[in-house]
Amino acid sequence: TQIKFIYGLTNGLHISAARSEYAYDFAAKYTLFPQIKEGFPVAIVGFNSLSINNTLKESNYPGLQFENRLTYVAQLLISRKFSEKLTLELVPTFFHENFVENAMQANSQYAIGVGGRYKFAKRWSFNIDYAAHLNRASNSVYNNPLSIGFDLETGGHVFQMHFTNSQGIDEAGFLGKTTGDWTKGDVFFGFNLARVF
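Below is a short write-up of the structure. (Residues numbered from 1 in each chain as written. Predicted model: local features only at pLDDT ≥ 70, side-chain atom pairs only at ≥ 80, totals over all residues. Heavy atoms only, no water.)

**A short note on the packing of aromatic side chains**
The geometry of an aromatic ring pair comes down to the distance between the two centres and the angle between the two planes.
Line of reasoning, step 1. Counting across every chain of the model gives seven aromatic pairs.
Line of reasoning, step 2. Plain terms: the ring middles of F33 and F40 are 5.4 Å apart, the flat faces sit at 40° to each other, and that makes the pair tilted.
Line of reasoning, step 3. Exposure remark for F33: the relative accessible area of 45% places this residue in the partly exposed category.
Line of reasoning, step 4. Residues F94 and Y110 carry aromatic rings whose centres are separated by 5.4 Å and whose planes lie at 55° to one another, so their mutual orientation is tilted. A residue pair is termed long-range when its members are at least 10 positions apart, and F94 in strand β6 (residues 86–97) and Y110 in strand β7 (residues 108–119) qualify at 16 residues.
Line of reasoning, step 5. Residue classification places Y110 among the partly exposed residues on the basis of a relative accessible area of 41%.
Line of reasoning, step 6. Three or more aromatic residues joined by ring pairs make a cluster, and in this case those are F120, F126 and F150.
Line of reasoning, step 7. Over the ring of Y24 we find R19; its NZ or CZ atom is 4.6 Å from the centre of that ring. (Phe/Tyr/Trp six-rings, centres within 6.5 Å; stacked < 30°, edge-to-face > 60°. Buried < 20%, exposed > 50% of the residue type's maximum accessible area, 1.4 Å probe, protein only. Helix = DSSP H or I, 4+ residues; strand = E, 2+ residues; numbered from the N terminus. Lys NZ or Arg CZ within 6 Å of the ring centre and 35° of its normal.)

**Structural notes on the nonpolar core**
Line of reasoning, step 1. By size, the foremost hydrophobic cluster in this structure holds six residues: V73, F95, A111, A131, A172 and L175.
Line of reasoning, step 2. When near neighbours in sequence (up to four residues on either side) are disregarded, F95 contacts T71, Y72, V73, N107, S108, Q109, Y110, H133, L175 and G176.
Line of reasoning, step 3. In this structure, V45, F47, L77 and V91 belong to the second largest nonpolar core, which totals five residues. (Core = buried A, V, L, I, M, F, W, Y, C linked by side-chain atoms within 4.5 Å. Contact = heavy atoms within 4.5 Å.)

**A look at the sheet that holds strand β3 (residues 23–33)**
Note on sheets: strands pair through backbone hydrogen bonds, and any given pair is parallel or antiparallel.
Line of reasoning, step 1. Judged by pairing direction, the sheet is antiparallel, and its 11 strands sit side by side in the order β1-β2-β3-β4-β5-β6-β7-β8-β9-β10-β11 without closing on themselves. In the strand order of this sheet, the two ends are held by β1 (2–10) and β11 (188–195), each with one partner. Taking each pair of neighbouring strands and ignoring which way they run, the sheet shows an average axis angle of 20°.
Line of reasoning, step 2. As paired elements, strand β2 (residues 13–20) and β3 share seven bridges and run antiparallel to each other. Bridged to A17 within β3 is F26. (Pairing = 2+ DSSP bridges. Axes fitted to C-alpha atoms, helices over the stretch in contact; angles between N-to-C directions.)

**Details of the layout of surface pockets**
Line of reasoning, step 1. Each pocket or cavity is described by its volume, and for the second largest pocket that value is around 380 Å³.
Line of reasoning, step 2. Contributions of two or more residues to the lining of the second largest pocket are made by β4 (43–53) and α1 (171–176).
Line of reasoning, step 3. Considered class by class, the residues forming the lining of the second largest pocket number six nonpolar, eight polar and four charged. (1 Å grid on protein atoms, 1.4 Å probe; cavity = no way out; pocket = protein on both sides within 12 Å on 5 of 7 lines; lining within 4 Å. Points joined across faces, edges and corners; volume = space filled by probe spheres on them. Nonpolar A, V, L, I, M, F, W, Y, C, P; charged D, E, K, R; others polar.)

**Describing empty space enclosed by the protein**
Line of reasoning, step 1. For the structure on display, the rule yields one cavity of 30 Å³ or more.
Line of reasoning, step 2. Here the largest cavity is characterised by a volume of approximately 80 Å³.
Line of reasoning, step 3. Taken together, N53, L56, N68, R69, L70, T71, E97, F99, V100, E101 and K177 make up the full set of residues lining the largest cavity.

**Comments concerning the pattern of salt bridges**
Line of reasoning, step 1. The final tally for this structure, using the stated rule, is three salt bridges.
Line of reasoning, step 2. Of the charged contacts in the structure, one is a salt bridge between E84 and K81, with a shortest N-O distance of 3.7 Å.
Line of reasoning, step 3. On the basis of relative accessibility, which here comes to 42%, the residue K81 falls in the partly exposed class.
Line of reasoning, step 4. Of the charged contacts, one joins K177 and E97 as a salt bridge, the two residues approaching to 2.5 Å between their closest N and O atoms. Here E97 lies in strand β6 and K177 lies in the loop between α1 and β11, a separation of 80 residues in the sequence. (Salt bridge = Lys/Arg side-chain N within 4 Å of Asp/Glu carboxyl O.)

**Considering the side chain of N102**
Line of reasoning, step 1. Position of N102 among the secondary structure elements: in the loop between β6 and β7.
Line of reasoning, step 2. Within the structure, N102 has its side chain in polar contact with the backbone nitrogen of M104 (distance 2.9 Å).
Line of reasoning, step 3. Setting aside chain neighbours within four positions, we find N102 in contact with A137, N139 and S140. (Polar contact = N/O pair within 3.5 Å; in protein donor to acceptor, adjacent residues only side chain to side chain.)

Listed below in structure tokens is the structure:
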């Protein structure tokens, strides 16, 4: 479960704070270039987050320091709305975990995400996203996250229902620590409710 508050400082900048059973998460999202009809072909948005892992136990890691709990994420969200129905996105990603359990895993890690949204009815859309980790250690127990789901828009609310192999909700969690495997049936059901005030 995650509770998240997002506040729009301007039309092109918002900040957020979230709390889940896995982490505290603070983020900023900002428009660098908007898509312009018959002009700039894509929208480019920056995203940065700081995640504080609260699953690490001092009993397991006696020398654990607060900074060991931190993970930093930086993304460019490059998207194009092709029509009122179809939007696609490419997301080059860098993230740095101050603490990694696997000695073979580099702290600084890279991923490339792809995603899409297809609006098949007035209030319904089909969504899919996947992230390929580019320098995961060969002996890692983690997998690439894949999510498939639906959004239902009802005016002030958006209901999101999705199936995923990741239990992490924050970017640091699902990019670096996805344990499920679709091919083995390790799929979890997630449900989000977004309310606009």
